[in-house]
Amino acid sequence: MASPPDRGRLPPGQFLTDDFPVLSAGPSPFVDLDEWRFTLKVGPRPVRTWTWAEFNALPQTQLTTDIHCVTTWTKFDTEWRGVSVDDVFAAAGLEPPTPFLLAHSVDGYSTNVPLADVVGGRALIATHFAGKPLELDHGGPARLLVPHLYFWKSAKWLSALQFTTRDEPGYWETRGYHMRGDPFRQERYEDD
Ligand SMILES: Nc1nc2c(c(=O)[nH]1)N[C@H]1C(S)=C(S)[C@@H](COP(=O)(O)O)O[C@H]1N2
Ligand SMILES: [Mo]
């Protein structure tokens with residue numbers, strides 16, 4: 001449990017767990033690595049698509065970080081590896097054209113994330129957890145990881161990142177969740 005030095009580390013209203021609960025709106029979709037694609041889009045226009053082999057050839061970043069679910073569990077020191085969103089943009093030769101992104105998933109899930117929250121080394125497209133390929137139920141083969149926002153922003157089974165002209169709500173944001181989701185500000189629901 002949180003020892004005194006960790007107290008400022010646990011966001012308000014959260015409790016610490018060593019478990020790694022699985023939370024999905026529906027069943028886990030099977031993703032064949034031969035068919036796997038990740039696409040970067042500007043509005044409706046695809047800018048770049050990577051196959052699994054191409055994506056894994058991008059520079060790798062490791063991140064050890066705390067994660068916070070809006071259902072009130074927090075897990076400390078989770079270990080991830082993947083490609084930073086910065087490196088994805090760099091590989092595409094893309095200067096971010098708008099300050100808003102919508103993440104899209106194979107299961108039809110989506111979630112919006114401000115550009116500022118995914119650049120500067122703060123977010124990964126994660127392919128590994130605790131040294132092993134990311135399990136299907138946790139979003140494998142690849143999920144978005146934006147650890148400093150509530151975990152619903154970390155879209156599992158990621159298929160695309162799309163720049164949008166306006167801040168467009170995704171799956172949970174359409175259903176009353178907050179547009180940003182900062183756990184330290186308890187931005188759980190739209191009016192928080
Ligand atoms: N594609 C997709 N991503 C998703 C979800 C989902 O249903 N589908 N659920 C979100 C929610 S609400 C949470 S809390 C986390 C849970 O991730 P975990 O199952 O790895 O703990 O995934 C998020 N990403
Ligand atoms: Mo969640």
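The paragraphs below set out a description of the structure included in this document. (Residues numbered from 1 in each chain as written. Chains lettered and ligands numbered in written order. Predicted model: local features only at pLDDT ≥ 70, side-chain atom pairs only at ≥ 80, totals over all residues. Heavy atoms only, no water.)

1. Focus: the overall build of the protein
Line of reasoning, step 1. Each helix and strand counted, the protein has three helices and eleven strands in total.
Line of reasoning, step 2. Taken over C-alpha atoms, the radius of gyration comes to 16 Å for the protein, in line with the 16 Å a tight globule of 192 residues would show.
Line of reasoning, step 3. Dimensions of the protein, computed from C-alpha atoms along their principal axes, come out at roughly 45 × 35 × 30 Å.
Line of reasoning, step 4. Counting all 192 residues of the protein, 50% fall into the buried class.
Line of reasoning, step 5. Accessible surface computed for the protein: about 9,200 Å², of which carbon and sulfur atoms make up 52%.
Line of reasoning, step 6. The positive charge centre, built from 18 side chains, and the negative charge centre, built from 25, are 2 Å apart in the protein. (Helix = DSSP H or I, 4+ residues; strand = E, 2+ residues; numbered from the N terminus. Rg over C-alpha atoms; globule rule 2.2 N^0.38 Å. Buried < 20%, exposed > 50% of the residue type's maximum accessible area, 1.4 Å probe, protein only. Areas by Shrake-Rupley, 256 points an atom, 1.4 Å probe, with all protein chains shown as cover. Lys, Arg positive; Asp, Glu negative; His and termini not counted. Charge placed at Lys NZ, Arg CZ, Asp CG, Glu CD.)

2. Comments concerning the pairing of strand β2 (residues 37-42)
The two faces of the sheet receive side chains in turn, since in a regular strand these alternate between them.
Line of reasoning, step 1. Relative to strand β3 (residues 45-51), β2 runs antiparallel, the two sharing six bridges. Across the sheet, the residue bridging to lysine 41 is proline 46, located in β3.
Line of reasoning, step 2. Joining the antiparallel neighbours β2 and β3 is a turn of two residues, in which glycine 43 adopts a positive phi near 55°.
Line of reasoning, step 3. Judged from the four bridges that link them, β2 and strand β11 (residues 158-164) form a sheet pairing that is parallel. Within β11, the position partnered with lysine 41 by the bridge is glutamine 162. (Pairing = 2+ DSSP bridges.)

3. What about the sheet that holds β11?
Line of reasoning, step 1. Reading across from one edge, β3-β2-β11-β6-β7 is the order of the five strands in this open sheet, with mixed pairing throughout. The open sheet has two edge strands, β3 and β7 (110-114), and neither has a second partner. Here the strands of the sheet are splayed against their neighbours by 20° on average, with no regard to which way each runs.
Line of reasoning, step 2. Where helix α2 (residues 85-92) meets the sheet, its contacts fall on β2, β3, β6 (100-105) and β11, and the angle it forms with β3 comes to roughly 110°. (Axes fitted to C-alpha atoms, helices over the stretch in contact; angles between N-to-C directions. Contact = heavy atoms within 4.5 Å.)

4. Points about the packing of aromatic side chains
Line of reasoning, step 1. Within this structure, the stated rule accounts for 19 aromatic pairs.
Line of reasoning, step 2. Their ring planes at 50° and their centres at 4.9 Å tell us that phenylalanine 20 and phenylalanine 129 sit as a pair that is tilted. With phenylalanine 20 in the loop between β1 (15-16) and β2 and phenylalanine 129 in strand β8 (residues 124-129), this pair connects stretches of sequence that are 109 residues apart.
Line of reasoning, step 3. Measuring from centroid to centroid gives 4.9 Å for tryptophan 152 and tyrosine 177, while their planes differ by 75°, and the two rings are edge-to-face. You can see tryptophan 152 sitting in the loop between β10 (143-145) and β11 and its partner tyrosine 177 sitting in the segment after α3 (171-174), a full 25 residues away along the chain. For the pair shown, tryptophan 152 and tyrosine 177 are each scored as buried. (Phe/Tyr/Trp six-rings, centres within 6.5 Å; stacked < 30°, edge-to-face > 60°.)

5. Considering the site of ligand 1
Line of reasoning, step 1. Close to ligand 1 lie 21 residues, the nearest being Pro21, Ala25, His138, Arg143 and Lys156.
Line of reasoning, step 2. For ligand 1, an oxygen atom lies 2.9 Å from a polar atom in the backbone of leucine 23.
Line of reasoning, step 3. One nitrogen or oxygen atom from the side chain of serine 105 is found 3.1 Å from a nitrogen atom belonging to ligand 1.
Line of reasoning, step 4. If ligand 1 stood free it would expose 530 Å²; the protein chains cover 97% of that surface.
Line of reasoning, step 5. In terms of residue class, the shell around ligand 1 is made up of 13 nonpolar, four polar and four charged. (Near = heavy atom within 4 Å. Polar contact = N/O pair within 3.5 Å; in protein donor to acceptor, adjacent residues only side chain to side chain. Nonpolar A, V, L, I, M, F, W, Y, C, P; charged D, E, K, R; others polar.)

6. A look at the nonpolar core
Line of reasoning, step 1. Grouped together as the largest cluster of nonpolar side chains are 35 residues, with contacts concentrated most on Phe38, Phe55, Val88, Ile125, Leu144 and Leu161.
Line of reasoning, step 2. Counting only elements with at least two residues in this core, the list comes to β2, α1 (52-56), α2, β6 and β11.
Line of reasoning, step 3. Beyond its immediate sequence surroundings of up to four residues, leucine 161 is in contact with Phe38, Thr39, Leu40, Lys41, Val85, Leu102, Ala103, Ile125 and Leu144.
Line of reasoning, step 4. Listed in part, the twelve residues of the second largest apolar core include Cys69, Ala126, Phe129 and Leu145. (Core = buried A, V, L, I, M, F, W, Y, C linked by side-chain atoms within 4.5 Å.)

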